[in-house]
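Coordinates in review
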Amino acid sequence: MQDRRSIGAFYYRFATGESGADVFDRVSTFLETLYRDMQKGGCGNNAVLVSHGLFCRLFLTRFYHWNIEKFHKLWNFKNCQMAVMELQRDGFYKLITKLNSDD
């Protein structure tokens with residue numbers, strides 16, 4: 001775990017797993033598909049995404065274009081924790097859920 005702390009959760013790759021950077025790439029591909037489906041009207045008015053804590057943190061980091069330092073300050077989501085993103089009149093989504101972080 002010392003290596004993970006020194007390298008950072010975003011870049012550290014477990015021996016039989018993937019790094020946060022690998023997951024970030026998967027999030028990017030997922031978002032491309034989600035955007036296409038949203039443009040086609042395939043998502044309706046609401047969408048619910050269910051995933052694990054690292055994916056949720058990286059989804060928000062990618063969606064809001066946060067830097068990696070902000071990602072490292074965010075805590076993983078607790079079991080069944082939700083993050084609500086609400087569509088605003090200007091067409092952008094506002095994160096209305098307060099996230100746990102080291103800030």
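Read on for an overview of the structure. (Residues numbered from 1 in each chain as written. Predicted model: local features only at pLDDT ≥ 70, side-chain atom pairs only at ≥ 80, totals over all residues. Heavy atoms only, no water.)

Under the counting rule described, the total for this entry stands at eleven aromatic pairs. Geometrically, the ring pair formed by phenylalanine 10 and phenylalanine 24 is edge-to-face, given 5.8 Å between the ring centres and 75° between the ring planes. One end of the pair, phenylalanine 10, is in the loop between helix H1 (2-7) and helix H2 (20-39); the other, phenylalanine 24, is in helix H2, and 14 residues separate them in sequence. Ring geometry for tyrosine 12 against phenylalanine 14: centres 5.1 Å apart, planes inclined by 90°, an arrangement best described as edge-to-face. Taken together through their ring pairs, the aromatic side chains of Phe30, Tyr35, Phe55, Phe59, Phe63, Tyr64, Trp66 and Tyr93 make up a single cluster. The ring of phenylalanine 71 has arginine 57 lying over it, and the distance from NZ or CZ to the ring centre is 4.1 Å. (Phe/Tyr/Trp six-rings, centres within 6.5 Å; stacked < 30°, edge-to-face > 60°. Helix = DSSP H or I, 4+ residues; strand = E, 2+ residues; numbered from the N terminus. Lys NZ or Arg CZ within 6 Å of the ring centre and 35° of its normal.)

Scanning the model with the defined rule gives three salt bridges in all. Residue aspartate 22 is joined to arginine 13 by a salt bridge in which the shortest nitrogen-to-oxygen separation is 2.7 Å. A relative accessible area of 47% places arginine 13 in the partly exposed class. In this structure, glutamate 18 engages arginine 26 in a salt bridge whose closest nitrogen and oxygen atoms are separated by 2.6 Å. Relative accessible area serves as the criterion here: at 34%, glutamate 18 is assigned to the partly exposed category. Using a relative accessible area of 40% as the deciding quantity, one classes arginine 26 as partly exposed. (Salt bridge = Lys/Arg side-chain N within 4 Å of Asp/Glu carboxyl O. Buried < 20%, exposed > 50% of the residue type's maximum accessible area, 1.4 Å probe, protein only.)

Turning next to unusual backbone geometry. Despite not being glycine, histidine 65 has its phi angle at roughly 60°, a positive value. Considering the arrangement of structural elements, one finds histidine 65 in the loop between helix H3 (53-63) and helix H4 (68-73). The exposure class of histidine 65 is exposed, given its relative accessible area of 65%. In the Ramachandran plot, cysteine 80 falls in the positive-phi region, its phi being about 65° despite a non-glycine side chain.

Before going further, it helps to spend a moment on the packing of H2 against H3. Put simply, H2 and H3 touch, their axes get as near as 9 Å, and they point 60° apart. For the pair H2 and H3, the crossing hand works out as right-handed. For the pair formed by H2 and H3, the contact residues are Gly20, Val23, Phe24, Val27, Ser28, Phe30, Leu31 and Tyr35 on the first element and Leu54, Phe55, Leu58, Phe59, Thr61, Arg62 and Phe63 on the second. Residue classes in the contact of H2 with H3 are distributed as eleven nonpolar, three polar and one charged. (Axes fitted to C-alpha atoms, helices over the stretch in contact; angles between N-to-C directions. Left-handed = near helix turned anticlockwise from the far one by under 90°. Contact = heavy atoms within 4.5 Å. Nonpolar A, V, L, I, M, F, W, Y, C, P; charged D, E, K, R; others polar.)

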